[in-house]
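Here is what each chain is made of, one letter per residue.
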Amino acid sequence: MDSRITKVLDYVENNLGQPLRLNKLAAIACLSPSQFHRLFKSETGSTPFKFVEELKINKAYQRIIHENVPISQLSVALGYQDYETFTRAFKKRFHLSPDDLRSVAD
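Nothing here was measured: the structure is a model prediction, and the numbers come from that model. (Residues numbered from 1 in each chain as written. Predicted model: local features only at pLDDT ≥ 70, side-chain atom pairs only at ≥ 80, totals over all residues. Heavy atoms only, no water.)

### Regarding the pattern of salt bridges
Then step 1. Scanning all chains against the criterion turns up four salt bridges.
Then step 2. Put simply, K59 and E13 hold a salt bridge, and the shortest N to O gap is 3.0 Å. With K59 in helix α4 (residues 48–66) and E13 in helix α1 (residues 3–14), this residue pair connects regions lying 46 residues apart in the sequence.
Then step 3. Looking at E13, the relative accessible area reads 36%, which means it is partly exposed.
Then step 4. With a closest N to O distance of 3.0 Å, E67 and R63 form a salt bridge.
Then step 5. Overall, R63 belongs to the partly exposed group, its relative accessible area being 23%. (Salt bridge = Lys/Arg side-chain N within 4 Å of Asp/Glu carboxyl O. Helix = DSSP H or I, 4+ residues; strand = E, 2+ residues; numbered from the N terminus. Buried < 20%, exposed > 50% of the residue type's maximum accessible area, 1.4 Å probe, protein only.)

### Regarding the nonpolar core
Then step 1. By size, the foremost hydrophobic cluster in this structure holds 29 residues, and its most contacted members are V8, V12, L25, F36, I57, F86 and F90.
Then step 2. When residues of this core are assigned to their parent elements, the largest contribution, five residues, is made by α4.
Then step 3. Ignoring sequence-local partners within four residues, the contact set of I57 consists of Y80, F86, A89, F90, R93 and F94. (Core = buried A, V, L, I, M, F, W, Y, C linked by side-chain atoms within 4.5 Å. Contact = heavy atoms within 4.5 Å.)

### Observations concerning the side chain of D2
Then step 1. With respect to the element layout, D2 can be found in the segment before α1.
Then step 2. Not counting residues up to four positions away in its chain, the partners in contact with D2 are L39 and E43.

Printed below as a string of structure tokens:
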């Protein structure tokens, strides 16, 4: 994998709770936004936005199963503006709400 993309992936992993804007990620890779977007998609098979969203939702899934963190607190820690947005994204990916997953996991 291209080292510039690896650097961005490390940054994303360590900053999931922060706003991750295309311009910022492109600057980390020392590329223009359009060059970064193109390279990121060719290296990962996903757009930066979709990749970050998938990473956040998968991390949420793991934390809901393995930790007893309140879901509203988890959504904020992963950078969601509100609980509803988080729940909508979670349901779209896993076809059940975070609360339903917590019920099943307990």
